[in-house]
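Listed here are the chains, written in short residue letters.
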Amino acid sequence: MTVLVTGLPRSGTSWTGRMLAAGRELIYVNEPLNPQHPPGRCPGVLAARVTHRFQYICDDNAGVWLPAFRDTAALRYRWLAELRANRSPYDLARMLRYGTAFAYGRLTGRRALLDDPFAVLSAGWFARRLGCRVIALVRDPVSFVASWQRLGWTVYFHELLEQPLLVRDHPELLELRELVGSQDRVAKAAALWRVTTGILRRTPGIRLVSYESLAADPIPGFRDLYAYAGLRWTPAAERRIARACTGDGRAAAFAWSGLSRTAYRRMDPRLALADPAGGLTGEDAERVRVLTA
């Protein structure tokens, strides 16, 4: 069965996905629902058009999404569709990488691993309709907001509010209207964390995982996730995870890298726990606690 790793961006999904793939039983697929190209908008990987960040998928609009994700989960790569849409040298190299990885995965009986924070609001659909084992990362709100502040990121709530099916199924999103157009990035990131985490906590059929707990003790944490995902925990997988989670004392900055355009870096994840409020003033950190309570 397919594995989906999701959670809000900057919650550790890339790291978690890479560690799950360390067992060599999964083919890593990075952010097919990302509306930015790259890593998204690749019809060879996903034969459906993404129109919003945090695209909402449910039974009422599954006519397009279900067959597209069934093909992705089955590692069926659409060479011609990709070639028609993306022809730059980078795109061709990426096409070759994904196309051969999908073919290799099918031949060797591997499964797909979808690492996609933009699937976070649709996690229940992936579990129910695609039969995915869904792992949803939740990061401490102060650490999450601080990370977004350091990167200068913000959220545009109209991308959520302009999805009628999403608002219908989760009317609590309407409270975000008052922040549309706001320049208060701290309040907006905190509101996104609060609403999204509330939705995840009410979603059946998924495994919620604390990023901080996993980062504090990765080996037993990943051993448990391997069991949940139906993966074999082997000495080789444990060695790879131990090496990848051993840094040189420096935290890694965010940057897209590689043909997969993933933010994953080899590092000691415990470093992320040392200064969770880095980038926020004490006043802002306390405000985040109040706003997400």
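Here we summarise the structure given alongside this text. (Residues numbered from 1 in each chain as written. Predicted model: local features only at pLDDT ≥ 70, side-chain atom pairs only at ≥ 80, totals over all residues. Heavy atoms only, no water.)

Observations regarding the sheet that holds strand 4 (residues 133–138)
The strand order across the open sheet built from 5 strands is 2-3-1-4-5, with neighbouring strands paired in parallel fashion. Of all the strands in the sheet, the pair left with one neighbour each is strand 2 (26–30) and strand 5 (206–210). Averaged over all neighbouring strand pairs, the angle between strand axes comes to 20 degrees, with direction disregarded. Summarising the sheet, strand 4 and strand 5 pair through 5 bridges and their orientation is parallel. The partner of V138 across the bridge, within strand 5, is S210. (Pairing = 2+ DSSP bridges. Helix = DSSP H or I, 4+ residues; strand = E, 2+ residues; numbered from the N terminus. Axes fitted to C-alpha atoms, helices over the stretch in contact; angles between N-to-C directions.)

So, the packing of helix 6 (residues 141–151) against helix 9 (residues 185–201)
With their axes 9 Å apart at the nearest point, helix 6 and helix 9 run at an angle of 135 degrees to one another. In terms of orientation, helix 6 and helix 9 fall into the oblique class. For the element pair helix 6 and helix 9, the recorded crossing hand is right-handed. In contact with P141, F144, V145, W148 and Q149 of helix 6, helix 9 contributes R185, V186, A189, A190, L192 and W193. Classifying every residue of the contact of helix 6 with helix 9 by side-chain character gives 9 nonpolar, 1 polar and 1 charged. (Parallel < 35°, antiparallel > 145°, perpendicular 65-115°, else oblique. Left-handed = near helix turned anticlockwise from the far one by under 90°. Contact = heavy atoms within 4.5 Å. Nonpolar A, V, L, I, M, F, W, Y, C, P; charged D, E, K, R; others polar.)

A look at the packing of aromatic side chains
Scanning all chains against the criterion turns up 13 aromatic pairs. A centroid spacing of 5.9 Å and a plane angle of 80 degrees characterise the contact between W15 and Y211, whose relative ring orientation is edge-to-face. A residue pair is termed long-range when its members are at least 10 positions apart, and W15 in helix 1 (residues 13–21) and Y211 in helix 10 (residues 211–216) qualify at 196 residues. Between W148 and W153 the ring centres are 5.5 Å apart and the planes differ by 80 degrees, which places this aromatic pair in the edge-to-face class. We classify W153 as partly exposed; its relative accessible area is 27%. Pairwise contacts between aromatic rings join W65, F69, W125 and F126 into one cluster. The ring centre of Y28 lies 3.7 Å from the NZ or CZ of R18, which sits over that ring. A cation sits over an aromatic face here: R97 above Y98, 5.7 Å from the ring centre. (Phe/Tyr/Trp six-rings, centres within 6.5 Å; stacked < 30°, edge-to-face > 60°. Buried < 20%, exposed > 50% of the residue type's maximum accessible area, 1.4 Å probe, protein only. Lys NZ or Arg CZ within 6 Å of the ring centre and 35° of its normal.)

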